[in-house]
Amino acid sequence: MARASTRPTSRDVARAAGVSQAAVSLVLGDKWRGRVSQATAQRVREAARTLGYRPNLAARNLRLGRTRTVLLVVPALTTEFFAGVYTGAARVASEHGFGVVLYPSPEGIGPARDPFASAQAALDGVIASSMAAEALTAIRGDQLPLVMLDSDPDGPTGAATVNLDIADGVRQVTDHLLALGHRHFLHLAADVASWTFEVRARALAARLREVPGTSLRTTRSPISIKGAEAAAHAALPAPHRPTAVVCDDDQLAAGTYKAARRLGLRVPDDLSVTGLDDLALATAIDPELTTVRLDAELFGERGMRALLAVLDDRTPEAGDIPVELVVRGSTGPARAD
(Lines give C-alpha, C1' and ligand atoms only; values in the text may rest on other atoms or scores of the structure.)
Protein backbone atom coordinates (compact mmCIF):
# COMPACT_ATOMS: atom_id res chain seq x y z
CA MET A 1 0.00 0.00 0.00
CA ALA A 2 1.33 3.43 -0.97
CA ARG A 3 2.37 5.60 1.91
CA ALA A 4 0.29 8.80 2.34
CA SER A 5 2.16 11.94 1.41
CA THR A 6 3.35 14.03 4.35
CA ARG A 7 1.86 17.49 4.66
CA PRO A 8 4.58 20.17 4.31
CA THR A 9 5.48 22.04 7.50
CA SER A 10 6.88 25.46 8.26
CA ARG A 11 10.23 23.74 8.81
CA ASP A 12 10.14 22.52 5.20
CA VAL A 13 9.39 26.05 4.00
CA ALA A 14 12.23 27.46 6.12
CA ARG A 15 14.66 24.88 4.71
CA ALA A 16 13.58 25.56 1.10
CA ALA A 17 13.83 29.33 1.54
CA GLY A 18 17.08 29.19 3.52
CA VAL A 19 15.64 31.03 6.51
CA SER A 20 14.59 30.32 10.09
CA GLN A 21 11.14 29.07 11.10
CA ALA A 22 10.68 32.35 12.94
CA ALA A 23 11.13 34.21 9.65
CA VAL A 24 8.56 31.97 8.00
CA SER A 25 6.07 32.75 10.78
CA LEU A 26 6.69 36.49 10.41
CA VAL A 27 6.21 36.45 6.64
CA LEU A 28 3.15 34.20 6.50
CA GLY A 29 1.63 36.06 9.45
CA ASP A 30 2.18 39.34 7.56
CA LYS A 31 4.35 40.75 10.37
CA TRP A 32 7.64 40.79 8.45
CA ARG A 33 7.90 44.50 7.62
CA GLY A 34 10.89 46.02 9.39
CA ARG A 35 12.04 42.56 10.52
CA VAL A 36 13.04 40.76 7.33
CA SER A 37 13.82 42.09 3.87
CA GLN A 38 11.28 42.21 1.06
CA ALA A 39 13.44 39.79 -0.94
CA THR A 40 13.39 37.31 1.94
CA ALA A 41 9.62 37.66 2.32
CA GLN A 42 9.19 36.96 -1.39
CA ARG A 43 11.45 33.90 -1.14
CA VAL A 44 9.41 32.52 1.76
CA ARG A 45 6.10 33.04 -0.08
CA GLU A 46 7.46 31.35 -3.21
CA ALA A 47 8.74 28.38 -1.18
CA ALA A 48 5.38 28.01 0.57
CA ARG A 49 3.58 28.18 -2.78
CA THR A 50 5.89 25.61 -4.40
CA LEU A 51 5.55 23.19 -1.48
CA GLY A 52 1.80 23.72 -1.18
CA TYR A 53 2.22 24.75 2.45
CA ARG A 54 -0.86 26.03 4.30
CA PRO A 55 -0.57 27.31 7.89
CA ASN A 56 -2.60 25.50 10.52
CA LEU A 57 -5.03 28.37 11.04
CA ALA A 58 -7.05 26.63 13.71
CA ALA A 59 -4.01 26.20 15.94
CA ARG A 60 -2.72 29.68 15.23
CA ASN A 61 -6.11 31.28 15.87
CA LEU A 62 -6.40 29.48 19.20
CA ARG A 63 -2.92 30.65 20.14
CA LEU A 64 -3.56 34.27 19.11
CA GLY A 65 -7.15 34.45 20.33
CA ARG A 66 -8.34 35.40 16.84
CA THR A 67 -11.11 34.02 14.66
CA ARG A 68 -9.69 35.55 11.43
CA THR A 69 -13.21 36.49 10.41
CA VAL A 70 -14.31 40.00 9.41
CA LEU A 71 -17.83 41.32 8.94
CA LEU A 72 -18.61 43.62 6.01
CA VAL A 73 -21.76 45.64 6.76
CA VAL A 74 -23.40 47.19 3.69
CA PRO A 75 -26.84 48.50 2.70
CA ALA A 76 -29.27 46.28 0.82
CA LEU A 77 -27.54 44.74 -2.20
CA THR A 78 -29.61 46.58 -4.80
CA THR A 79 -26.70 47.34 -7.18
CA GLU A 80 -23.39 45.73 -8.05
CA PHE A 81 -21.37 48.46 -6.29
CA PHE A 82 -21.27 46.74 -2.90
CA ALA A 83 -20.65 43.39 -4.55
CA GLY A 84 -17.48 45.00 -5.89
CA VAL A 85 -16.59 46.27 -2.42
CA TYR A 86 -16.97 42.72 -1.09
CA THR A 87 -14.82 41.29 -3.90
CA GLY A 88 -12.00 43.70 -3.12
CA ALA A 89 -12.18 43.15 0.64
CA ALA A 90 -12.32 39.36 0.27
CA ARG A 91 -9.31 39.35 -2.09
CA VAL A 92 -7.10 41.15 0.43
CA ALA A 93 -8.53 39.13 3.33
CA SER A 94 -7.69 35.81 1.64
CA GLU A 95 -4.08 36.93 1.14
CA HIS A 96 -3.81 37.25 4.92
CA GLY A 97 -5.73 34.15 5.98
CA PHE A 98 -8.95 35.98 6.83
CA GLY A 99 -12.51 35.34 5.72
CA VAL A 100 -15.16 38.00 5.08
CA VAL A 101 -18.83 37.54 6.02
CA LEU A 102 -21.25 39.82 4.18
CA TYR A 103 -24.02 41.40 6.26
CA PRO A 104 -26.56 43.35 4.18
CA SER A 105 -28.92 45.62 6.09
CA PRO A 106 -32.26 45.36 4.25
CA GLU A 107 -33.60 48.69 3.03
CA GLY A 108 -36.82 49.85 4.61
CA ILE A 109 -37.13 47.18 7.32
CA GLY A 110 -34.27 48.12 9.61
CA PRO A 111 -31.15 46.08 10.34
CA ALA A 112 -31.24 42.33 9.88
CA ARG A 113 -31.24 40.06 12.91
CA ASP A 114 -27.81 39.56 14.47
CA PRO A 115 -26.39 36.45 12.72
CA PHE A 116 -24.01 35.80 15.59
CA ALA A 117 -24.75 34.66 19.13
CA SER A 118 -21.89 36.95 20.12
CA ALA A 119 -20.30 39.12 17.47
CA GLN A 120 -17.38 39.92 19.75
CA ALA A 121 -16.61 36.21 20.13
CA ALA A 122 -17.12 35.37 16.46
CA LEU A 123 -15.36 38.29 14.77
CA ASP A 124 -12.00 40.03 14.73
CA GLY A 125 -13.33 43.25 13.26
CA VAL A 126 -15.92 45.05 11.16
CA ILE A 127 -15.87 47.11 7.95
CA ALA A 128 -19.08 49.11 7.60
CA SER A 129 -20.62 51.51 5.10
CA SER A 130 -21.99 54.71 6.60
CA MET A 131 -25.21 53.91 4.72
CA ALA A 132 -25.71 50.86 6.96
CA ALA A 133 -24.48 52.34 10.22
CA GLU A 134 -27.68 51.45 12.10
CA ALA A 135 -26.91 47.76 11.66
CA LEU A 136 -23.81 48.18 13.83
CA THR A 137 -25.99 48.70 16.88
CA ALA A 138 -27.81 45.40 16.34
CA ILE A 139 -24.58 43.40 16.24
CA ARG A 140 -22.63 45.63 18.65
CA GLY A 141 -20.15 46.05 15.81
CA ASP A 142 -19.07 49.42 17.19
CA GLN A 143 -17.54 47.52 20.13
CA LEU A 144 -15.10 45.73 17.80
CA PRO A 145 -12.16 47.07 15.79
CA LEU A 146 -14.08 49.05 13.18
CA VAL A 147 -13.28 50.68 9.83
CA MET A 148 -15.95 52.95 8.37
CA LEU A 149 -16.41 53.40 4.62
CA ASP A 150 -17.69 56.66 3.13
CA SER A 151 -17.83 58.26 6.55
CA ASP A 152 -16.88 61.51 8.25
CA PRO A 153 -13.16 61.19 9.07
CA ASP A 154 -13.74 63.44 12.08
CA GLY A 155 -16.72 61.40 13.31
CA PRO A 156 -16.77 59.51 16.60
CA THR A 157 -17.28 56.02 15.14
CA GLY A 158 -14.50 53.74 13.96
CA ALA A 159 -10.78 53.35 14.45
CA ALA A 160 -10.23 54.41 10.83
CA THR A 161 -12.15 55.68 7.81
CA VAL A 162 -11.67 54.94 4.11
CA ASN A 163 -13.26 57.34 1.64
CA LEU A 164 -13.64 57.85 -2.07
CA ASP A 165 -12.97 61.43 -3.15
CA ILE A 166 -16.66 62.06 -3.77
CA ALA A 167 -16.33 65.83 -3.41
CA ASP A 168 -13.80 65.93 -6.24
CA GLY A 169 -16.09 63.76 -8.38
CA VAL A 170 -18.95 66.24 -7.92
CA ARG A 171 -16.61 69.11 -8.76
CA GLN A 172 -15.53 67.32 -11.95
CA VAL A 173 -19.19 66.86 -12.97
CA THR A 174 -20.04 70.48 -12.18
CA ASP A 175 -17.05 71.88 -14.05
CA HIS A 176 -17.95 69.73 -17.08
CA LEU A 177 -21.50 71.11 -17.11
CA LEU A 178 -20.37 74.69 -16.52
CA ALA A 179 -17.98 74.39 -19.47
CA LEU A 180 -20.96 73.35 -21.61
CA GLY A 181 -22.71 76.58 -20.69
CA HIS A 182 -25.10 75.29 -18.05
CA ARG A 183 -26.14 77.75 -15.35
CA HIS A 184 -29.47 76.39 -14.07
CA PHE A 185 -29.10 73.16 -12.12
CA LEU A 186 -31.34 70.65 -10.40
CA HIS A 187 -29.74 68.40 -7.78
CA LEU A 188 -31.65 65.11 -7.58
CA ALA A 189 -30.45 64.12 -4.12
CA ALA A 190 -30.69 60.71 -2.48
CA ASP A 191 -33.16 60.84 0.40
CA VAL A 192 -30.76 59.00 2.71
CA ALA A 193 -29.28 60.37 5.93
CA SER A 194 -25.63 59.60 5.21
CA TRP A 195 -22.41 61.60 5.28
CA THR A 196 -21.52 60.60 1.73
CA PHE A 197 -24.67 62.24 0.34
CA GLU A 198 -24.12 65.34 2.46
CA VAL A 199 -20.69 65.65 0.83
CA ARG A 200 -22.27 65.57 -2.63
CA ALA A 201 -24.70 68.38 -1.77
CA ARG A 202 -22.03 70.57 -0.16
CA ALA A 203 -19.57 70.15 -3.03
CA LEU A 204 -22.16 71.01 -5.69
CA ALA A 205 -23.47 74.06 -3.85
CA ALA A 206 -19.97 75.32 -3.05
CA ARG A 207 -18.78 75.08 -6.66
CA LEU A 208 -21.85 76.86 -8.03
CA ARG A 209 -21.52 79.68 -5.49
CA GLU A 210 -18.20 80.49 -7.15
CA VAL A 211 -19.89 81.14 -10.53
CA PRO A 212 -22.10 84.25 -10.92
CA GLY A 213 -25.48 83.79 -12.55
CA THR A 214 -26.01 80.15 -11.54
CA SER A 215 -29.07 78.73 -9.80
CA LEU A 216 -29.54 75.48 -7.92
CA ARG A 217 -32.68 73.69 -6.76
CA THR A 218 -32.72 70.43 -4.83
CA THR A 219 -35.28 67.63 -4.98
CA ARG A 220 -34.96 64.49 -2.86
CA SER A 221 -35.70 60.97 -4.01
CA PRO A 222 -35.41 57.42 -2.68
CA ILE A 223 -32.60 55.51 -4.36
CA SER A 224 -34.70 53.78 -6.98
CA ILE A 225 -35.51 54.36 -10.63
CA LYS A 226 -39.23 54.56 -9.90
CA GLY A 227 -38.77 57.03 -7.04
CA ALA A 228 -36.42 59.18 -9.11
CA GLU A 229 -38.86 59.24 -12.03
CA ALA A 230 -41.62 60.60 -9.76
CA ALA A 231 -39.36 63.17 -8.11
CA ALA A 232 -37.89 64.42 -11.40
CA HIS A 233 -41.29 64.52 -13.08
CA ALA A 234 -42.52 66.88 -10.36
CA ALA A 235 -39.39 69.07 -10.49
CA LEU A 236 -38.77 69.46 -14.23
CA PRO A 237 -41.85 71.24 -15.68
CA ALA A 238 -41.53 74.87 -16.88
CA PRO A 239 -41.31 77.76 -16.19
CA HIS A 240 -38.22 77.24 -14.00
CA ARG A 241 -36.84 74.22 -15.78
CA PRO A 242 -33.12 73.52 -15.26
CA THR A 243 -30.83 72.72 -18.16
CA ALA A 244 -28.82 70.16 -16.16
CA VAL A 245 -29.73 67.55 -13.56
CA VAL A 246 -26.95 66.33 -11.25
CA CYS A 247 -28.00 63.00 -9.73
CA ASP A 248 -26.52 61.42 -6.62
CA ASP A 249 -26.26 58.05 -8.30
CA ASP A 250 -26.86 56.28 -11.62
CA GLN A 251 -30.26 54.87 -10.64
CA LEU A 252 -31.54 58.39 -9.99
CA ALA A 253 -30.24 59.41 -13.41
CA ALA A 254 -32.12 56.53 -15.08
CA GLY A 255 -35.31 57.68 -13.38
CA THR A 256 -34.67 61.22 -14.61
CA TYR A 257 -34.42 59.89 -18.18
CA LYS A 258 -37.88 58.36 -17.85
CA ALA A 259 -39.36 61.57 -16.43
CA ALA A 260 -37.79 63.63 -19.21
CA ARG A 261 -39.30 61.39 -21.88
CA ARG A 262 -42.75 61.65 -20.28
CA LEU A 263 -42.41 65.43 -20.43
CA GLY A 264 -41.27 65.43 -24.06
CA LEU A 265 -37.71 66.46 -23.18
CA ARG A 266 -34.72 65.08 -25.06
CA VAL A 267 -31.47 64.08 -23.32
CA PRO A 268 -29.10 65.85 -23.88
CA ASP A 269 -30.66 68.34 -26.35
CA ASP A 270 -33.12 69.77 -23.83
CA LEU A 271 -31.67 68.43 -20.60
CA SER A 272 -28.22 67.20 -19.59
CA VAL A 273 -28.18 64.46 -16.95
CA THR A 274 -25.27 63.10 -14.88
CA GLY A 275 -24.93 60.20 -12.46
CA LEU A 276 -22.40 58.95 -9.95
CA ASP A 277 -21.09 55.34 -9.56
CA ASP A 278 -20.63 54.13 -13.18
CA LEU A 279 -22.75 51.02 -12.70
CA ALA A 280 -23.47 48.66 -15.61
CA LEU A 281 -26.74 50.60 -15.89
CA ALA A 282 -24.81 53.64 -17.12
CA THR A 283 -24.09 52.05 -20.50
CA ALA A 284 -27.41 50.19 -20.74
CA ILE A 285 -29.52 53.34 -21.06
CA ASP A 286 -29.76 55.54 -24.15
CA PRO A 287 -27.95 57.84 -24.46
CA GLU A 288 -25.19 56.35 -22.34
CA LEU A 289 -24.73 58.21 -19.07
CA THR A 290 -22.07 60.73 -18.17
CA THR A 291 -21.12 59.75 -14.64
CA VAL A 292 -18.31 59.46 -12.09
CA ARG A 293 -16.53 56.13 -11.93
CA LEU A 294 -16.00 54.82 -8.40
CA ASP A 295 -13.58 51.90 -8.04
CA ALA A 296 -15.62 49.63 -5.77
CA GLU A 297 -13.07 46.82 -5.60
CA LEU A 298 -10.23 49.19 -4.67
CA PHE A 299 -12.57 50.67 -2.05
CA GLY A 300 -13.05 47.20 -0.53
CA GLU A 301 -9.34 46.45 -0.73
CA ARG A 302 -8.43 49.67 1.07
CA GLY A 303 -11.08 49.00 3.71
CA MET A 304 -9.68 45.55 4.45
CA ARG A 305 -6.08 46.80 4.49
CA ALA A 306 -7.10 49.53 6.92
CA LEU A 307 -8.69 46.96 9.24
CA LEU A 308 -5.58 44.76 9.09
CA ALA A 309 -3.52 47.80 10.04
CA VAL A 310 -5.83 48.54 12.98
CA LEU A 311 -5.58 44.91 14.18
CA ASP A 312 -1.77 45.12 14.00
CA ASP A 313 -1.59 48.54 15.70
CA ARG A 314 -0.31 50.16 12.51
CA THR A 315 -1.43 53.43 10.93
CA PRO A 316 -3.71 52.80 7.92
CA GLU A 317 -2.88 54.29 4.54
CA ALA A 318 -4.00 57.93 4.34
CA GLY A 319 -5.68 59.79 1.50
CA ASP A 320 -8.99 59.49 -0.34
CA ILE A 321 -9.35 57.16 -3.32
CA PRO A 322 -9.38 59.14 -6.62
CA VAL A 323 -12.50 59.05 -8.80
CA GLU A 324 -12.88 59.70 -12.54
CA LEU A 325 -15.42 61.60 -14.64
CA VAL A 326 -16.58 59.50 -17.61
CA VAL A 327 -18.15 61.68 -20.30
CA ARG A 328 -20.74 59.95 -22.47
CA GLY A 329 -23.81 60.98 -24.42
CA SER A 330 -26.11 62.36 -21.71
CA THR A 331 -24.48 65.79 -21.49
CA GLY A 332 -24.33 68.50 -24.14
CA PRO A 333 -24.38 72.27 -24.55
CA ALA A 334 -27.03 74.14 -22.58
CA ARG A 335 -30.12 74.99 -24.60
CA ALA A 336 -30.70 78.66 -25.33
CA ASP A 337 -33.18 80.30 -22.94
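Residues numbered from 1 in each chain as written. Predicted model: local features only at pLDDT ≥ 70, side-chain atom pairs only at ≥ 80, totals over all residues. Heavy atoms only, no water.

If you check an unreviewed UniProt entry, the protein chain appears there as DNA-binding LacI/PurR family transcriptional regulator from Streptomyces griseomycini.

Before going further, it helps to examine the packing of helix α2 (residues 21-28) against helix α3 (residues 38-51). The contact between α2 and α3 brings their axes to 9 Å, and the two run at 90 degrees. As the angle between them shows, α2 and α3 are arranged roughly perpendicular. The residues of α3 that touch α2, namely those facing Val 24, Val 27 and Leu 28, are Ala 41, Val 44, Arg 45 and Ala 48. Taken together, the residues of the contact of α2 with α3 sort by class into 6 nonpolar, no polar and 1 charged. (Axes fitted to C-alpha atoms, helices over the stretch in contact; angles between N-to-C directions. Helix = DSSP H or I, 4+ residues; strand = E, 2+ residues; numbered from the N terminus. Parallel < 35°, antiparallel > 145°, perpendicular 65-115°, else oblique. Contact = heavy atoms within 4.5 Å. Nonpolar A, V, L, I, M, F, W, Y, C, P; charged D, E, K, R; others polar.)

Quick look at the environment of Arg 314 now. Note that Arg 314 resides in the loop between α12 (296-311) and β11 (324-326). Apart from the residues lying within four places of it in its own chain, the contact partners of Arg 314 are Leu 308 and Ala 309.

With that settled, consider the packing of aromatic side chains. Using the criterion set out here, one finds 2 aromatic pairs in the structure. Consider the rings of Phe 81 and Phe 82, whose centres lie 5.2 Å apart with planes at 85 degrees: the pair is edge-to-face. The burial state of Phe 81 is the same as that of Phe 82; both residues are buried. With a centroid separation of 6.3 Å and 50 degrees between ring planes, the pair formed by Phe 81 and Phe 299 is classed as tilted. One end of the pair, Phe 81, is in helix α5 (residues 81-95); the other, Phe 299, is in helix α12, and 218 residues separate them in sequence. Judged by its relative accessible area of 8%, Phe 81 is buried. (Phe/Tyr/Trp six-rings, centres within 6.5 Å; stacked < 30°, edge-to-face > 60°. Buried < 20%, exposed > 50% of the residue type's maximum accessible area, 1.4 Å probe, protein only.)

On to the confidence of the model for the protein chain. Looking at the protein chain, pLDDT values average 85 and 84% of them are 70 or higher. For residues 57-65, every residue scores under 50 in pLDDT, and the model assigns this stretch 8 contacts once sequence neighbours within four places are set aside. (pLDDT = per-residue confidence, 0-100.)

Enumeration according to the criterion identifies 1 cavity of 30 Å³ or more in this entry. Around the largest cavity, the lining residues are Val 170, Val 173, His 187, Arg 200, Val 246, Cys 247, Asp 248, Thr 274, Gly 275 and Leu 276. Taken together, the elements giving at least two residues each to the lining of the largest cavity come down to α8 (166-179) and β8 (244-247). Each residue belonging to the lining of the largest cavity can be placed in one class, and the counts come to 5 nonpolar, 3 polar and 2 charged. (1 Å grid on protein atoms, 1.4 Å probe; cavity = no way out; pocket = protein on both sides within 12 Å on 5 of 7 lines; lining within 4 Å. Points joined across faces, edges and corners; volume = space filled by probe spheres on them.)

In terms of backbone geometry, most residues other than glycine have negative phi values and most peptide bonds are trans. Each neighbour pair has its own omega, and for Val 267 with Pro 268 the value is 10 degrees, a cis peptide bond. Relative to the helices and strands, Pro 268 resides in the loop between α11 (250-262) and β9 (272-274). With an omega of 0 degrees, the peptide bond between Asp 286 and Pro 287 qualifies as cis. Relative to the helices and strands, Pro 287 resides in the loop between β9 and β10 (291-293). The backbone phi angle of Asp 313 is positive, close to 60 degrees, even though this residue is not glycine. Mapping Asp 313 onto the fold places it in the loop between α12 and β11. For Asp 313, a relative accessible area of 75% translates into the label exposed.

With that settled, consider the pattern of salt bridges. Tallying each qualifying case throughout the model produces 15 salt bridges. Linking Asp 12 and Arg 15 is a salt bridge whose minimum nitrogen-to-oxygen distance equals 3.2 Å. Highlighted residues: Asp 12 and Arg 15, both in helix α1 (residues 10-17), separated by 3 residues, approximately one helical turn. With a shortest N-O distance of 3.9 Å, Arg 202 and Glu 198 are connected by a salt bridge. (Salt bridge = Lys/Arg side-chain N within 4 Å of Asp/Glu carboxyl O.)

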